[in-house]
Amino acid sequence: HYLALPSNSGLAGWMLLLIIGVASKLFPMFLLSTGDHSKFTRFSYYAINISLVLFFADVLLTHTYDRAFFYVTGVCAGIGAFAVVLVRVKKNAARKKTEGQMKQAFFAFLFLAVPLAVMLIRFFPANIFSEDQLVRLSGIYGIAIIAGFFVMLILGFTFKTLPFILWLE
């Protein structure tokens, strides 16, 4: 019953917020983008954190996941707000030609839609999907978020920042 709590706090609470925080600085820096995007970034931060805190409180007090759909929707709203930041950064970029590493990083955020869609599908009524199908959906969720989102984003930013690190040494 409580297995979902540390996995959700690790993925959404720590990794996602860490990536959004770093990406909110790296994307404008690498694309030479101007403009203040702090309002949407702040909304993203608060929407994800508030959703997670309410999710934990709800699960710990009621011992059910009946209202989890609302908390997932809050996390999706936070990710959507950060998507607005990414679109604005790309629109205001002084460097119009996007390099391959940055395209990969942008694509990683698009790929985040797959695990979010799987998470929302899991909240359909239980009689639509069998238990075996729900287990497969959980596998797709894990592979999509780890192999798809995290690895693509880390590789995109690593190969973009590594030449600078080596050049400074």
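Structure shown above.
Each chain has its residues counted from 1, running along the sequence as written. Reporting in this predicted model follows two pLDDT cut-offs: at least 70 for local features of residues, and 80 or more for side-chain atom pairs to be given and counted; totals over whole chains, interfaces and linings ignore these cut-offs and use all residues. Side-chain figures throughout are based on the complete set of non-hydrogen atoms in the structure, without hydrogens or water.

Peer 1: An account of helix 3 (residues 68-91) is requested, with residue identities and associated values reported.
Peer 2: Every helix listed is a DSSP run of H or I at least four residues long, and every strand listed is a run of E at least two residues long, numbered separately from the N terminus. Between the first and last residue of a helix there are one fewer steps than residues, each counted as 1.5 Å, and that sum is the expected span. In a regular helix each residue adds 1.5 Å, so 24 residues correspond to 34 Å; helix 3 covers 34 Å between its end C-alpha atoms and thus fits that length. Considered for burial, the residues of helix 3 that qualify are Ala-68, Tyr-71, Val-72, Gly-74, Val-75, Gly-78, Ile-79, Ala-81, Phe-82, Val-85, Leu-86 and Val-89. Only protein chains enter the accessibility calculation, which uses a 1.4 Å probe; a residue is then buried when its area is under 20% of its type maximum, exposed when over 50%, and partly exposed in between.

Peer 1: Residues and numbers for the pattern of salt bridges, please.
Peer 2: Take a side-chain nitrogen of Lys or Arg and a carboxyl oxygen of Asp or Glu: if they are within 4 Å of each other, that pair is a salt bridge. For the structure shown, the criterion picks out two salt bridges. The partner of Arg-67 in a salt bridge is Asp-58, with the nearest N and O atoms 2.5 Å apart. Between Asp-132 and Arg-136 there is a salt bridge; the shortest N-O distance is 3.3 Å. Of this pair, Asp-132 and Arg-136 both sit in helix 6 (residues 131-168), four residues apart, which is roughly one turn of that helix.

Peer 1: Break down a nonpolar patch on the surface for me, with residues and values.
Peer 2: What makes a patch is a set of residues exposed beyond 30% relative accessible area and free of salt bridges, joined within 9 Å when like-charged and within 5 Å when nonpolar (Val, Leu, Ile, Met, Phe, Trp, Tyr). All accessible-area figures derive from a Shrake-Rupley calculation using a 1.4 Å probe, and residue coverage is judged against the displayed protein chains alone. On the surface, a nonpolar cluster with roughly 530 Å² of combined accessible area is contributed by Val-151, Leu-155, Phe-159, Leu-162, Ile-165 and Leu-166. In this structure, Phe-159 sits in helix 6. Under the relative-accessibility criterion, Phe-159 is labelled partly exposed at 46%.

Peer 1: Pulling in residues and values, what's your account of the packing of aromatic side chains?
Peer 2: A pair of aromatic rings is counted whenever rings of Phe, Tyr or Trp (Trp by its six-membered ring) have centres within 6.5 Å, and the orientation is called stacked for planes under 30 degrees apart, edge-to-face for over 60 and tilted otherwise. Across all of its chains, the model carries eleven aromatic pairs by this definition. Judged by centre distance (5.3 Å) and plane angle (50 degrees), the rings of Phe-82 and Phe-109 are tilted. Here Phe-82, found in helix 3, pairs with Phe-109, found in helix 4 (residues 100-111); they are 27 residues apart in sequence, far enough to count as distant. Phe-109 shares its class with Phe-82; the two are buried. Ring geometry for Phe-107 against Phe-111: centres 6.3 Å apart, planes inclined by 50 degrees, an arrangement best described as tilted. Here Phe-111 and Phe-107 lie together in helix 4, a separation of four residues that amounts to about one turn.

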